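Overview (structure and organization)
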Amino acid sequence: MTQAKEQIRTAVVGAGIIGTSIAHALQQRGHAVALIDRDAPGRGASFGNMASIAVSGFMPISRPRVWMQAPGWLLDPKGPIRVAPGYAPRLVPWMLRFLSAGRPGRLRALQGQGAALCARALADTRALLGDIGLADHMSETGCLSLYATPAEFAADREALEMLDRFGFGYDVLDAETLRAREPALGPGLHKAVLMPDNRTLRDPHALVTRLAEVVKARGGRLVRAAVTGVERRGAAATGLRLDGGETLAADRVVLAAGAHTGALARQLGEPIPLETERGYHTQIGRPGISLTHALIWPARAFMVSPTGGGIRIGGTVEFAGLEAPPNWRRAEITAQRAKTILPGLRLEETSRWMGHRPALPDTIPVISSSARAPGVFYATGHGHLGMTQAATTAQLMADLVTGAAPPIDMAPYRIDRF
């Protein structure tokens, strides 16, 4: 009788949308999976993201136009970017890399690398949702990008030209057509761009918890613990050290712990310029209006998403590290700005949230095997596109871990590119 082949044991660190999606994909490839996180599944950045599958959102943040606007944003107390004064010196090396990433010759390559992931995102997300019984969890309507003046629309032409170049569809709507599509919008908007393939999820936290439930139901382990390091024999990974003193044996280790991945990478001698880009949202339970589409106002750098729990408003960026307490003024600013385009919006029954997006200076995630430790893999740095790129990242990571040939060139996403 032929003996059954023993399953490969793979430990995935991080139970957010990236980690749970990877655990699910590896199970589909026959791996015995353990999913480890210090918190319950989906309680980090995945809990409070803007519920968006933003396939058009791959424009690198660093570029000359942003450089010119950034000083004014930083000096404005209500601006879309804030750097905590005490944290600014620590941010200097990251900012220098950020500026370097926006050089015109580099910018075009980064756009292509982002487009390669986002072009697959909608189909991969749809397949993932179908497999876990949440096929109806994603909207069929797109996202509207709003412009109050001709100057605002002209300023965003760079983004539209990028979409043209990579074959992502969109439609330009005049003010009358816009108001017909979204009657809750107030007067005074000049134009909008409809991005039909951008979608909205009903409840991102429910998606992550469902993924974790499926992983467990299919034989996976869910371990509630903080990971303190990677166990190795020689250079190769043999498991994880947990904060309770336990060692979890594994043949493969995937580090997908969001903004906390950097500390583990440094222990392995692979420092990456990973920052926490703190994001805020306000969730409104009884908004007094209804929306068909998600809304983005690029000139004011905020977003409004219809979710299963009402309406969610977010978009601000703050650099203040992993330990500083929340600055709830950041959430209040975006909520008040939303009322300028949604005059009927009622800011009642609200809740606020702050979380840590894992941000790399070139806006391109790390999806890579380790360059130093055989058996270790990384999936981090997705920034604003974690929910968007999670299902695609999971399939690419499953290819890397199992030795299959990925459908795209993975060199741009390697850990040692910095």
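This text gives an overview of the structure that appears in the document. (Residues numbered from 1 in each chain as written. Predicted model: local features only at pLDDT ≥ 70, side-chain atom pairs only at ≥ 80, totals over all residues. Heavy atoms only, no water.)

1. Structural notes on the overall build of the protein
Along its length, the protein carries 12 helices and 21 strands. Over its C-alpha trace the protein gives a radius of gyration of 21 Å, about what one expects of a compact globule, namely 22 Å for 418 residues. If you line up the protein on its principal axes, its C-alpha atoms span 75 × 45 × 40 Å. Looking at the protein alone, contacts between residues at least 24 apart form 75% of all its contacts between residues at least 6 apart. Summed over its atoms, the accessible surface of the protein is roughly 17,500 Å², and 52% of this surface lies on carbon and sulfur atoms. (Helix = DSSP H or I, 4+ residues; strand = E, 2+ residues; numbered from the N terminus. Rg over C-alpha atoms; globule rule 2.2 N^0.38 Å. Contact = heavy atoms within 4.5 Å. Areas by Shrake-Rupley, 256 points an atom, 1.4 Å probe, with all protein chains shown as cover.)

2. Digging into the nonpolar core
Ranked by internal contacts, the top residues of the largest apolar core, which has 66 residues, are Ile 22 and Leu 207. Among residues more than four places away in sequence, those in contact with Leu 207 are Ile 17, Leu 129, Ile 132, Leu 134, His 137, Leu 201 and Met 387. By size, the runner-up hydrophobic cluster in this structure holds 26 residues, among which are Leu 248, Ala 265, Leu 274 and Tyr 378. (Core = buried A, V, L, I, M, F, W, Y, C linked by side-chain atoms within 4.5 Å. Buried < 20%, exposed > 50% of the residue type's maximum accessible area, 1.4 Å probe, protein only.)

3. Structural notes on the packing of helix H1 (residues 17-28) against helix H9 (residues 204-217)
It is the contact of H1 with H9, at a shortest axis distance of 9 Å, that shows an interaxial angle of 30 degrees. Here H1 lies roughly parallel to H9, going by the angle between them. H9 is crossed by H1, and the crossing has left-handed handedness. Residues Ile 17, Thr 20, Ser 21, Ala 23, His 24 and Gln 27 of H1 form the contact with H9, whose participating residues are Leu 207, Val 208, Leu 211, Ala 212, Val 214 and Val 215. A breakdown of the residues in the contact of H1 with H9 according to their chemical character gives eight nonpolar, four polar and no charged. (Axes fitted to C-alpha atoms, helices over the stretch in contact; angles between N-to-C directions. Parallel < 35°, antiparallel > 145°, perpendicular 65-115°, else oblique. Left-handed = near helix turned anticlockwise from the far one by under 90°. Nonpolar A, V, L, I, M, F, W, Y, C, P; charged D, E, K, R; others polar.)

4. Section: the packing of H1 against helix H12 (residues 386-402)
A pair of packed helices is characterised by two quantities: the angle between their axes and the separation of those axes. Where H1 meets H12, the closest approach of the two axes is 8 Å, and the angle between their N-to-C directions is 40 degrees. Our classification of the angle between H1 and H12 gives oblique. The handedness of the crossing between H1 and H12 is right-handed. Every residue of H12 that contacts H1 at Ile 17, Ile 18, Ser 21, Ile 22, Ala 25, Leu 26 and Gln 28 is listed here: Gly 386, Met 387, Ala 390, Thr 393, Ala 394, Gln 395, Met 397, Ala 398 and Val 401. Within the contact of H1 with H12, the residues separate by chemical class into 11 nonpolar, five polar and no charged.

5. A look at the sheet that holds strand E10 (residues 227-233)
Spatially, the three strands line up as an open sheet ordered E10-E11-E12, and their pairing is antiparallel. With one partner strand each, in any of the chains shown, E10 and strand E12 (247-249) form the two edges of the open sheet. With direction set aside, neighbouring strand axes in the sheet form an average angle of 35 degrees. Looking at chain direction, E10 and strand E11 (residues 236-242) are connected through six bridges and run antiparallel. Within the sheet, the bridge partner assigned to Glu 231 lies in E11 and is Gly 239. (Pairing = 2+ DSSP bridges.)

6. Topic: the environment of Gly 14
Along the polypeptide, Gly 14 turns up in the loop between strand E1 (9-13) and H1. Remark: the alpha-carbon pair of Gly 14 and Ala 135, spanning 121 residues in sequence, is separated by 24 Å. Excluding residues that lie within four positions of it along the chain, Gly 14 makes contacts with Gly 19, Thr 20, Leu 35, Ile 36, Asp 37, Ala 256 and Ala 257.

7. Brief notes about helix H4 (residues 88-101)
Between the first and last C-alpha of H4 there are 19 Å, a value that for 14 residues agrees with the 20 Å anticipated at 1.5 Å per step. Buried within H4 we find Leu 91, Trp 94, Phe 98 and Ala 101. Looking at the buried side of H4, the elements it contacts are strand E4 (81-83), helix H5 (104-131), strand E14 (275-284), strand E18 (317-319) and strand E19 (350-359). (Expected span 1.5 Å × (residues − 1).)

8. Comments concerning the layout of surface pockets
Rolled over the atoms, a probe sized like a water molecule indicates the empty space that remains. Considering only enclosed or pocket space, the second largest pocket measures out at about 150 Å³ in volume. Tallying contributions element by element places H4 first for the lining of the second largest pocket, with three residues. For the lining of the second largest pocket, the residue count by class is three nonpolar, one polar and five charged. (1 Å grid on protein atoms, 1.4 Å probe; cavity = no way out; pocket = protein on both sides within 12 Å on 5 of 7 lines; lining within 4 Å. Points joined across faces, edges and corners; volume = space filled by probe spheres on them.)

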